[in-house]
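The primary structure of each chain is shown beneath.
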Amino acid sequence: MRRKLALLRALVMVGFAMLAGCGSGDAGKPEALGSTQAERTGAGAELRLATTWPYPFHGNPFGPGGVGGAWWLIYEPFAHYIPATEQYVPRLAKEWSVEGQAVRVTLRDGVKLSDGTPFTSDDVVSTVTMIQALWSWPYEIEAVEAPDSQTVVFHLRSDVDPNAFLYTLLTNAAIPALAPKALYDRFLPQAEEVARLGKEIFAQESAGETVDAAKKSAYEDKLKALKEAIDAYQPFKDAGNVPSVGAYLPKRLTQTDFVLERNPHHWEAGTSTVSRIVFRNWSSNEFVWGALVANELDAAHPLMPKDVVEGMAAQNPALRVMSVSDLSDVALLFNFRKPLFQDDALRKAIAFVLDRDKVRDISAWQARSYEGDPATGILASATGRYLPEAEKDKLTPYRHDPAQAENLLREAGYQKDGSRWKTPQGAPVRFTVSVYGPHNDWVLAAREVVEELKRFGFDVDLKLIPEGMRDQVILGGNFEAAIDFGSAWWGFPHPATGFDRLYRGDVAKATGFPADEPSPLLAGSSPSKLAAELLKNPTGDDASEKIVALARLTHEALPVVPLYEKVLPIYYNTSRFAGWPEDNDPLWTLAPGGIERVYVVLAMSGQLQPKTK
């Protein structure tokens with residue numbers, strides 16, 4: 001414990017030193033940014049967080065770096081989705097409905113932009129036009145109209161399932177109000193033409209048609225001209241503001257501090273208990289550790305070594321930690337293009353060889369364990385919700401059991417030559433595990449995986465993927481085995497998203513798994529077909545049946561071996577604020593993909609209450 005406390009004291013000193021060097025006042029005091037006692041209590045309380053941002057700050061969401069970590073404070077979606085309850089919580093939208101191939105959204109009453117002007121459906125139309133032009137997304141929206149000032153109708157392409165697209169439409173903060181009409185009106189004629197051409201080209205290519213070269217060239221020229229015009233637009237630099245509907249607005253910033261003040265026209269301003277949010281620059285995890293211990297931050301989510309975590313409470317008893325799934329797992333991927341990994345017995349043997357808890361402890365010890373998990377493609381934290389216990393009991397759990405691995409191999413015709421395993425054909429079981437070098441936690445996991453497989457008797461090497469080459473190596477299938485993300489529920493937190501990734505998306509591209517082949521475990525359907533059907537209607541009457549079938553196939557086929565479920569460790573300080581959610585509060589599950597949304601809800605609803613001195 002003395003060593004742990006010494007480490008924490010050193011980190012606190014690092015934090016103080018970095019704060020002292022940032023030119024923002026006395027770094028050893030909570031009021032280092034110059035806030036007064038009145039600003040730190042009551043309606044003027046100051047919430048301190050950490051993030052990064054582009055500097056110099058331009059305030060243009062389409063410019064280089066966008067608005068950085070302030071995204072969810074400056075912009076609002078139509079609704080939040082709470083994974084734990086599978087419910088939408090209205091934000092800018094009051095209500096919505098699916099009507100054939102259209103989604104009708106009614107805006108919340110009384111919403112205003114930060115300059116006090118009403119936020120209307122015309123602002124949504126303007127935003128969709130700009131993002132389709134500049135980001136070539138979301139092309140699922142064929143057209144958008146504003147029948148009145150409070151109603152927006154999104155007309156979707158005929159091949160898009162409205163229910164499947166609803167999550168993206170409602171929860172992505174870019175779609176409603178990124179580009180209000182009054183601010184972007186002068187760009188709209190150009191943007192409308194670029195968006196029109198982009199959608200036409202996309203439709204033709206999707207249909208397998210050849211696009212005229214002149215049309216492509218015209219599109220590229222017009223897009224380049226639009227981007228040049230947009231990049232020159234710097235609202236914060238030119239006017240000192242970023243007009244939006246968000247809860248907080250940029251006020252002042254340096255390279256080390258970013259101060260945002262509450263939007264007085266926000267629809268929740270009357271219940272808010274936090275008048276300003278101050279971001280410290282997340283220059284390193286070590287800086288954030290020290291700042292948390294020193295009471296310089298009210299909340300942050302850094303990964304920490306085990307010793308640091310265990311010493312945090314002793315050094316600062318006001319700190320609490322809440323771990324929530326980051327909606328993904330880190331896994332060992334197999335390349336099915338290699339004959340070695342086409343053998344079910346070998347893949348299953350590897351699953352029994354690995355001590356996945358040891359891999360987790362070395363790599364990311366706060367992550368959720370997969371030891372004894374049946375490897376179904378369903379995240380461990382959600383298995384109980386989507387896989388009935390009776391069905392799970394039918395599946396053999398994969399746990400660290402070298403004897404079981406040896407039995408599987410011998411039954412399949414593998415033999416040992418001394419301490420080394422050979423295939424039924426007499427060749428050494430030899431392969432390389434690739435891992436992306438810049439991801440330190442993945443490298444640690446890969447090293448442990450390689451060592452465990454070598455001790456068992458496989459001839460295994462480690463290969464680091466250079467920075468910037470991950471997609472080329474992994475998605476290009478230029479590996480034998482690899483450490484990377486496995487099942488991930490980003491976009492829509494549901495098993496349908498994970499299965500789509502495994503059998504139709506990035507993991508399928510990487511592994512080359514024969515997902516289009518019919519399987520008796522799926523009643524003659526193929527994994528890719530069933531995954532597509534589930535994603536199209538993830539809440540249909542037969543959705544549970546499809547989830548169980550795909551989970552059973554994933555367990556048996558084992559396209560990847562999940563190592564651990566990645567979590568987001570959220571540290572929050574109880575010394576200055578009360579009202580932090582309990583550990584079982586569903587709100588925490590809103591954190592993955594945008595933890596600032598949680599802070600906005602707490603600050604603007606009034607749940608977070610500043611403590612007076």
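In this text, all values refer to a predicted model and were calculated from it rather than measured experimentally.

**Q** Explain the overall build of the chain to me, please; I cannot follow it from the model alone.
**A** Of the regular secondary structure elements, the chain holds 24 helices and 21 strands. Along the first, second and third principal axes, the C-alpha set of the chain runs to 75 × 70 × 45 Å. For the chain, the proportion of contacts with a sequence separation of at least 24, taken over those separated by at least 6, is 69%. By element, 49% of the accessible surface of the chain is carried by carbon and sulfur atoms, the whole surface being about 25,000 Å². In the chain, which carries 64 positive and 78 negative side-chain charges, the distance between the mean positions of the two groups comes to 5 Å.

**Q** How should the side chain of S528 be read in this particular structure?
**A** Considering the arrangement of structural elements, one finds S528 in helix α22 (residues 527-536). Those residues in contact with S528, other than ones at most four positions away along the chain, are Y503, R504, A515 and D516.

**Q** Can you walk me through the confidence of the model for the chain in this structure?
**A** Low pLDDT marks stretches whose predicted atomic positions should not be read closely. Confidence along the chain averages 91 in pLDDT terms, with 92% of residues attaining 70 or more. Counted against residues more than four places away or in other chains, residues 12-42, with its pLDDT under 50, gives 61 contacts.

**Q** Is there a simple way to think about the pairing of strand β2 (residues 79-82) in this case?
**A** Side-chain direction in a regular strand flips from residue to residue, so the side chains alternate between the two faces of the sheet. Of the two faces of β2, both are covered, the one formed by A79 and Y81 as well as the one formed by H80 and I82. In this sheet, strand β3 (residues 87-90) lies alongside β2 in antiparallel orientation, the contact comprising four bridges. By the bridge assignment, H80 is partnered in β3 with V89.

**Q** How do you make sense of the pattern of salt bridges when you look at a structure like this?
**A** Charged atoms that come close allow side chains of opposite charge to pair. All told, the structure shown has 31 salt bridges when counted by the stated rule. Linking E200 and K215 is a salt bridge whose minimum nitrogen-to-oxygen distance equals 2.8 Å. With E200 in helix α8 (residues 188-206) and K215 in helix α9 (residues 213-231), the pair connects residues that are 15 residues apart, well separated along the chain. Exposure remark for E200: the relative accessible area of 29% places this residue in the partly exposed category. Between K216 and E205 there is a salt bridge, with the nearest N and O atoms lying 3.2 Å from each other. Separated by eleven residues along the polypeptide, K216 in helix α9 and E205 in helix α8 bring together distant segments of the chain. For K216, a relative accessible area of 33% gives the class partly exposed.

**Q** Just to check I follow, could you spell out the layout of surface pockets for this structure?
**A** Roughly 1,000 Å³ of volume is contained in the largest pocket. Contributing to the lining of the largest pocket are 29 residues, with E140, F165, D500, R504 and L535 lying nearest its centre. Elements represented by at least two residues in the lining of the largest pocket include exactly α5 (162-171), α20 (495-503), α21 (506-511) and α22. Among the elements that line the lining of the largest pocket, the one with the most residues is α5, at four residues. Its residues placed into classes, the lining of the largest pocket shows 14 nonpolar, five polar and ten charged. Taken as a whole, the second largest pocket encloses approximately 600 Å³ of empty space. Lining of the second largest pocket is provided by 20 residues; of these, N285, L303, H439, N440 and D441 occupy positions nearest its centre. Listed by contribution, the elements that provide at least two residues to the lining of the second largest pocket are α11 (285-293), α14 (356-364) and α18 (440-456). Tallied by class, residues from the lining of the second largest pocket come to eleven nonpolar, five polar and four charged.

Here is what the cut-offs are and how they apply
- Each chain has its residues counted from 1, running along the sequence as written.
- Local features are withheld for residues below a pLDDT of 70 in this predicted model, meaning they are given only at 70 or higher, and side-chain atom pairs are given and counted only at 80 or more; totals for whole chains, interfaces and linings count all residues.
- Calculated side-chain values reflect all of the structure's heavy atoms, with hydrogen atoms and water omitted.
- Only DSSP runs of H or I reaching four residues or more are called helices, and only runs of E reaching two or more are called strands; each is numbered from the N terminus.
- The criterion used for residue contact is that any of the two residues' heavy atoms lie within 4.5 Å.
- Note on areas: these come from Shrake-Rupley sampling with a 1.4 Å probe, and a residue is covered only by the protein chains present in the view.
- Charged residues are defined narrowly, with Lys and Arg counted positive, Asp and Glu counted negative, and His plus the chain ends left uncounted.
- In this description, the location of a charge corresponds to atom NZ of lysine, CZ of arginine, CG of aspartate or CD of glutamate.
- What pLDDT conveys is the predictor's confidence in a given residue, as a value from 0 to 100.
- Relative accessible area decides the class of each residue, using a 1.4 Å probe on protein chains only: under 20% of the type maximum gives buried, over 50% gives exposed, and in between gives partly exposed.
- Paired strands, in this sense, are two strands between which DSSP finds at least two bridges.
- We count a salt bridge whenever a side-chain nitrogen from Lys or Arg sits within 4 Å of a carboxyl oxygen from Asp or Glu.
- Here a cavity denotes grid points, spaced 1 Å and computed from the protein atoms alone, that fit a 1.4 Å probe unable to get out, and a pocket denotes an open set having protein on both sides within 12 Å along at least 5 of 7 lines; residues with an atom within 4 Å of a point are the lining.
- Grid points are joined across faces, edges and corners, and a volume is the space filled by probe spheres set on the points.
- Here the nonpolar group is Ala, Val, Leu, Ile, Met, Phe, Trp, Tyr, Cys and Pro; Asp, Glu, Lys and Arg are the charged ones; every other residue, Gly included, is treated as polar.

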